[in-house]
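# Per-entry structural report
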2 protein chains.
Amino acid sequence: MALPRLLVRALHRAAAAAAPAAPDFNSFVTRTNTCGELRAAHVGQKVTLYGWVQYQRQGLFLVLRDFQGLTQVIIPQDEAHSHVKELLSNAPLESVVRVTGTVSPRPQGQENPKMPTGDIEVKAETAEILNSCKKLPFEIKDFIKKSEALRMQYRYLDLRSSRLQWALRLRSRVVMRMREYLCNLHGFVDVETPTLFKRTPGGAKEFLVPSREAGKFYSLPQSPQQFKQLLMVGGLDRYFQVARCYRDEGSRPDRQPEFTQIDIEMSFIDQAGIQRLIEGLLQHSWPEERGSIVTPFPSMTYEEALAEYGTDKPDTRFGMKIVDVSEVLQGSNIHFVQNALSYPHGSIRAICIPQGVRYLTNKDLGSLKESAKSQFNQEIMEIICRPDGSLKSLLTKFLSEKEQSELIQALNMQEGDVVLLAAGEHKQVCSALGALRLLSANLLEAAGLALRDPTAFHFLWVVDFPLFLPKAENPTELESAHHPFTAPHPSDVSLLYSDPTKEDSEVLSHLIEALEFGAPPHGGIALGLDRLISLIVDAPSIRDVIAFPKSFRGRDLMGNAPDYVTPEELEPYHIQVSWPLEEKEAKKN
Amino acid sequence: MALPRLLVRALHRAAAAAAPAAPDFNSFVTRTNTCGELRAAHVGQKVTLYGWVQYQRQGLFLVLRDFQGLTQVIIPQDEAHSHVKELLSNAPLESVVRVTGTVSPRPQGQENPKMPTGDIEVKAETAEILNSCKKLPFEIKDFIKKSEALRMQYRYLDLRSSRLQWALRLRSRVVMRMREYLCNLHGFVDVETPTLFKRTPGGAKEFLVPSREAGKFYSLPQSPQQFKQLLMVGGLDRYFQVARCYRDEGSRPDRQPEFTQIDIEMSFIDQAGIQRLIEGLLQHSWPEERGSIVTPFPSMTYEEALAEYGTDKPDTRFGMKIVDVSEVLQGSNIHFVQNALSYPHGSIRAICIPQGVRYLTNKDLGSLKESAKSQFNQEIMEIICRPDGSLKSLLTKFLSEKEQSELIQALNMQEGDVVLLAAGEHKQVCSALGALRLLSANLLEAAGLALRDPTAFHFLWVVDFPLFLPKAENPTELESAHHPFTAPHPSDVSLLYSDPTKEDSEVLSHLIEALEFGAPPHGGIALGLDRLISLIVDAPSIRDVIAFPKSFRGRDLMGNAPDYVTPEELEPYHIQVSWPLEEKEAKKN
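What counts, and where the lines are drawn
- Residues numbered from 1 in each chain as written.
- Chains lettered and ligands numbered in written order.
- Predicted model: local features only at pLDDT ≥ 70, side-chain atom pairs only at ≥ 80, totals over all residues.
- Heavy atoms only, no water.
- Helix = DSSP H or I, 4+ residues; strand = E, 2+ residues; numbered from the N terminus.
- Contact = heavy atoms within 4.5 Å.
- Areas by Shrake-Rupley, 256 points an atom, 1.4 Å probe, with all protein chains shown as cover.
- Lys, Arg positive; Asp, Glu negative; His and termini not counted.
- Charge placed at Lys NZ, Arg CZ, Asp CG, Glu CD.
- Buried < 20%, exposed > 50% of the residue type's maximum accessible area, 1.4 Å probe, protein only.
- Expected span 1.5 Å × (residues − 1).
- Phe/Tyr/Trp six-rings, centres within 6.5 Å; stacked < 30°, edge-to-face > 60°.
- Lys NZ or Arg CZ within 6 Å of the ring centre and 35° of its normal.
- Least-squares fit on C-alpha atoms with pLDDT ≥ 70 in both.
- Buried area = accessible area lost by both parts, 1.4 Å probe.
- Salt bridge = Lys/Arg side-chain N within 4 Å of Asp/Glu carboxyl O.
- Polar contact = N/O pair within 3.5 Å; in protein donor to acceptor, adjacent residues only side chain to side chain.
- pLDDT = per-residue confidence, 0-100.
- Axes fitted to C-alpha atoms, helices over the stretch in contact; angles between N-to-C directions.
- Parallel < 35°, antiparallel > 145°, perpendicular 65-115°, else oblique.
- Left-handed = near helix turned anticlockwise from the far one by under 90°.
- Nonpolar A, V, L, I, M, F, W, Y, C, P; charged D, E, K, R; others polar.
- Pairing = 2+ DSSP bridges.

## Points about the overall build of chain A
The helix and strand tally for chain A stands at 19 helices and 22 strands. C-alpha atoms of chain A, sized along the principal axes, occupy 100 × 85 × 75 Å. For chain A, restricting intrachain contacts to residue pairs at least 6 apart in sequence, the fraction spanning at least 24 positions comes to 66%. For chain A, the computed accessible surface area is about 28,100 Å², with 54% contributed by carbon and sulfur atoms. Between the averaged position of the 65 positive side-chain charges in chain A and that of its 74 negative side-chain charges there is a distance of 6 Å.

Here it is, written out as structure tokens:
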């Protein structure tokens, strides 16, 4: 039996090596444990903890906090420890202290099952105030209720909250697992690319950085797009980078002037390969506490997404899809229907709001119609399915029994449902109904109908994007739907050369030249990391997953950036401020 | 015996899981192997390779290259494959091709032992030119000999070299292992901090970024120093970041306007803890091909380093240390010696150049002395040890037998050695001799003496740096020796408050305020990644370990950055160019 026993031991060791061990949070320092770590099994051990004073009561006990949790510390009451008592009783909240003591079981009946360390307490023997906290500008327990501006000004205090500690630590963990997947499993190379570069065509959203050469500026790029393609030309055939990107969009809600993307490019890859790569990446890095991910993700073309959801980023967690009822109504004698269908891209479409009669007020329906009118210039017709199954609508008198029953069937209308119908140009109709679909869902949920599972993740590929779309401000011109560095669909390559509106290629000459020197076929993708993490932790804003975010006006409210600089500081860069007229006048007076 | 056998198998599996498996370079793509992978064991397998045409000979064979190596491909000569032959025979060098074929042993005697794939060749069956390379502006095999400017202009071609492929892949691997050490083993959190911030005091080297608010500028910080301290205040007690940093130093050799540092900060840590952390970090991430690292690293105070090596970054791979000979000479009747010793910090010091008589010419010695004079305003006296052991120098006639023999002993002079001696103010004498020590070492090595092992790594901690040093341009004022965010030595804290020259604290008010709200004691370090990797790969410049470096004038020669922008593009930022007078005039004419 000697052999098996040895093997069992060896097996044990090997298995231990294979399982990812928990990190050692106490290496290099004199603390023995974190404040979230002690359990009944530690009773009797002498421990040293470091943390912040979360709570203190009548000189009897205090609660010590660090990133991992809370531990109750018993303040000694005997004469021999009077110094420790005085020190701990008088430490202001949020002071940072060191406590050494012995782990003891809590007295029977005083255990706190809601607290992971609730079975024990630490009887303090020595203590030191490492840094006393001066009076806070607010009660820390009310901090979360304060205005976001105040919390951003004191971001370092907000960072102590379990909410932000969790979000930032989860972010770090997810990115680390992404790196393991890319580098260790699939041979990707992490390459850092420059952020001081030059303006790209149409780069109106790029920050400028004056150089010491008069009139010459660097530009902070919106993404490493050019560099990752040049890396492919350079034979670095699997590239990734957790890349800092910059976009100057002025004031926009929930955007940041600098943000992070997981930037990926591969040579010799096709679209399906990229999809499998990303599915594996998300599956590998997904935090256990958010469930697991099923792959492959479903796929939908851009045209399908537009037709069924009215948008290129459909929320597939609920139904209420857009239904084409053109065929049902084409025989009817309704003027606006016939008029819409007479145009090349004319279409009649509708969405069916389940139990709309019960959950939506007349005011709700009015506001939905008004929103379609104001945002999309789209008229909406309403059809209600009565309790007896008959339809109530301005339309019904124009529809035969057969048409009505076909309409009910096409939309799968049930009693109490409300249908919103639109006629007109395909894209406009779909966009309007797509927006109404989301608005109605919000209204239904606000009224108490559980429609979407907020913790569910419905990943979806939207493929076959058009290369170009008509410009919003001038529909006779085209602009890139995504960005100008995408390959055309194989069946459309020939069309590209007949396209009359081409980007100014001079500024991209280095990239265009590079593509002629044996550039491999390549493909890539970029994931917006801030947005992804905010979805994972279910945060209302990307500001909740960024350590030091800027306000929606692009300001750092803690450090007061951006700020004025002196004319002398501008001199080496050969620039001067052109003060707007009113400010100039104000300065004179 | 059933149990042991099962256990053996399980053990095998567990061990396999524990060992870090090699990455799969062929996942998601249709290639079966890389060009560096095939061995005799693959003979008979049908393979698909993708790579660049490195070499092609008379339509008989070609050599295919990718990041991992070279594979010889045999071009089929039979009629049935005439299309493949034509295609491969006519593909210009550096074209990118796909080849499918069968792995065969090379004919006896034609194996190439210098080539990892030298035992096999691939008999091509099908092939495709994925992208033909247009005529290169130079022969690729001569590329490395071209000027660096040309290579930077065509950086994407230079990146194909095994030299750069190795450097960038090693960099990625080292950083990945650093992350594993910090995150997975020691519980560090990777936190991204802003790069659009505001000017720090004395931040004359910070790039400015104009904002859309007239007169207000962001600044690109030189390091995340402020943010990492704020993270400590925020309870993120183990922070690290592979941080992009910016420094505008104008034109300086081997500096980059943007660079990367491994930025680390910990709460509740002391200096020894930081040292152990970094030793472990380097040991863990050190690439196997560069040997192993012995820890702990030796340690030396700033004062010792200055006294023995004349610098705060001593090269300890060789001796020739600076020796204090003040005591030996203090009794002598030499005017300049007595004069030097009469001052408070007066000192007589010397270095002994082994076999200097043989390896250094008179011209060498002259240039060494001249360099001490011009750079440090320091006179140097020369002493030569004759073959008979006697000393030859202008000094000898002033020295007794005893003094001469004490001097020989103090400097451990051997026959043929040359001593360089300096008298004056301690720091000046040490700095001058420290510079001469390095110059002499270069001269000795150029003359054929093997002094330093270029592949050896002598890590060294230099500790107890002074907080302040006299300003070079005005020695009565002080400036931070390192940066202003360091803690004073415990024994010197009281001195700090008597210091008359304090930084303007207004711009740092947010940090100073944060430190009063329960900031934990903390410590940190930053490693210059570009420099570290260039040392590991033994590259002459950090440009060789950066994918897209800038020239020493801060220009991107490939993309032509920085570049001119139009006045319209400057408008949203309320700035205009102040053209220097001569350029203004030139524009007029």
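## Some details on unusual backbone geometry
Residue Pro 296 of chain A is reached from Thr 295 of chain A by a cis peptide bond, and omega for that bond is -5°. Inspection of the secondary structure assignment puts Pro 296 of chain A in the loop between α7 (271–285) and β11 (299–301). Residue Pro 562 of chain B is reached from Ala 561 of chain B by a cis peptide bond, and omega for that bond is -5°. As for its position among the elements, Pro 562 of chain B is in the loop between α17 (529–536) and β21 (563–564). One non-glycine residue, Asn 377 of chain B, lies in positive phi territory at about 55°. Exposure remark for Asn 377 of chain B: the relative accessible area of 53% places this residue in the exposed category. At His 574 of chain B, a position not held by glycine, the phi torsion is positive, near 55°. Tracing the chain through its elements places His 574 of chain B in the loop between α18 (567–570) and β22 (575–577). For His 574 of chain B, a relative accessible area of 21% gives the class partly exposed.

## What to know about α7 of chain A
Residue and element names in this part refer to chain A. Relative to the 21 Å expected for 15 residues at 1.5 Å per residue, α7 spans 21 Å between its end C-alpha atoms, a close match to the ideal helical length. Listed as buried for α7 are Gly 273, Ile 274, Gln 275, Leu 277, Ile 278, Glu 279, Gly 280, Leu 281, Leu 282 and Ser 285. Those residues of α7 that are buried are in contact with α5 (162–185), β10 (258–267), β11, β17 (461–463), β20 (522–528) and α17 (529–536).

## Quick notes on the packing of aromatic side chains
Per the counting criterion, the structure on display carries 34 aromatic pairs over all chains. Ring plane angle 25° and centroid distance 6.4 Å describe the contact between Tyr 156 of chain A and Phe 517 of chain B, whose orientation is recorded as stacked. Here the residue Tyr 156 of chain A occupies a position in helix α4 (residues 155–158), and Phe 517 of chain B occupies one in the loop between α16 (509–514) and β20 (522–528), the pair thus bridging two chains. Relative accessible area serves as the criterion here: at 1%, Tyr 156 of chain A is assigned to the buried category. Here Tyr 55 of chain B and Phe 61 of chain B contribute two aromatic rings whose centre-to-centre distance is 6.1 Å and whose plane-to-plane angle is 50°, an arrangement assigned as tilted. Given a relative accessible area of 40%, Tyr 55 of chain B falls into the partly exposed group. Taken together, Trp 286, Phe 297, Phe 457, Phe 459 and Trp 461 of chain A form an aromatic cluster joined through their ring pairs. Its end group placed over the ring of Phe 318 of chain A, Arg 452 of chain A keeps NZ or CZ at 5.3 Å from the ring centre.

## Digging into the relation of the copies chain B and chain A
The pair of chain copies shares a relation made of a rotation about an axis and a shift along it. After a rotation of 180° and a shift along the axis of 0.0 Å, chain B superposes on chain A with an RMSD of 0.1 Å. Both copies are brought into coincidence by an operation consistent with a two-fold rotation axis. Counting the interface residues of chain B, we find that 100% of their copies in chain A are interface residues as well, pointing to one common contact surface.

## Comments concerning the interface of chain B and chain A
Interfaces are often sized by the accessible area lost when the parts come together. Listed by partner, the interface residues are 139 residues for chain B and 139 residues for chain A. Of all residues in chain B, Phe 28, Phe 268 and Phe 517 of chain B bury the most surface against chain A, accounting for 7% of the area lost on that side. Counting across the chain B and chain A interface gives 17 salt bridges. A salt bridge links Arg 555 of chain A to Glu 213 of chain B; its shortest N-O distance comes to 2.9 Å. For the pair chain B and chain A, the interface holds 69 residue pairs in polar contact (both at pLDDT 80 or more).

## Some thoughts on the confidence of the model for chain A
Per-residue confidence for chain A gives a mean pLDDT of 90; residues scoring 70 or more make up 90%. Here the complex is predicted with pTM 0.92, and the ipTM for its interfaces comes to 0.91.

## Focus: the packing of helix α5 (residues 162–185) of chain B against α17 of chain B
Residue and element names in this part refer to chain B. As a packed pair, α5 and α17 sit with axes 10 Å apart at the nearest point and diverge in direction by 120°. As judged from the angle between their axes, α5 and α17 are oblique. Considering only the axes of α5 and α17, their crossing is right-handed. On α17, the residues touching Ala 167, Leu 170, Arg 171, Val 174, Val 175 and Met 178 of α5 are Leu 529, Asp 530, Leu 532, Ile 533 and Ile 536. Within the contact of α5 with α17, the residues separate by chemical class into 9 nonpolar, no polar and 2 charged.

## Some remarks on the environment of Ile 351 of chain A
Residue and element names in this part refer to chain A. You can see Ile 351 is positioned in strand β13 (residues 346–353). Residues Ile 351 and Val 323, 28 residues apart in the sequence, show an inter-C-alpha distance of 6.2 Å. Leaving out residues up to four positions away in the same chain, Ile 351 has contacts with Met 320, Lys 321, Ile 322, Val 418, Val 419, Leu 420, Leu 433, Leu 436, Arg 437 and Ser 440.

## What about the pattern of salt bridges?
Under the definition given, this model contains 79 salt bridges over all chains. Here Lys 550 of chain A and Glu 258 of chain A are joined by a salt bridge, their closest N and O atoms 3.3 Å apart. Remark: Glu 258 of chain A occurs in strand β10 and Lys 550 of chain A occurs in the loop between α17 and β21 (563–564); sequence separation between them is 292 residues. We classify Glu 258 of chain A as buried; its relative accessible area is 8%. Between Asp 530 of chain B and Arg 171 of chain B there is a salt bridge; the shortest N-O distance is 2.9 Å. Of this pair, Asp 530 of chain B sits in helix α17 while Arg 171 of chain B sits in helix α5, and the two are 359 residues apart along the sequence. For the residue pair Asp 530 of chain B and Arg 171 of chain B, the accessibility class agrees, reading buried in each case.

## So, the pairing of strand β10 (residues 258–267) of chain B
Residues and elements named next belong to chain B. Of all 10 residues in β10, 10 are buried; the element is thus mostly enclosed. Burial along β10 is two-sided: the residues Glu 258, Thr 260, Ile 262, Ile 264 and Met 266 and Phe 259, Gln 261, Asp 263, Glu 265 and Ser 267 are all buried. The pairing of strand β9 (residues 238–246) with β10 spans 9 bridges and is antiparallel. Bridge assignment links Gln 241 to a residue of β10, and that residue is Asp 263. Bridge count between β10 and β20: 7 bridges; the pairing is antiparallel. Considered in β20, the bridge of Met 266 is made with Gly 523.

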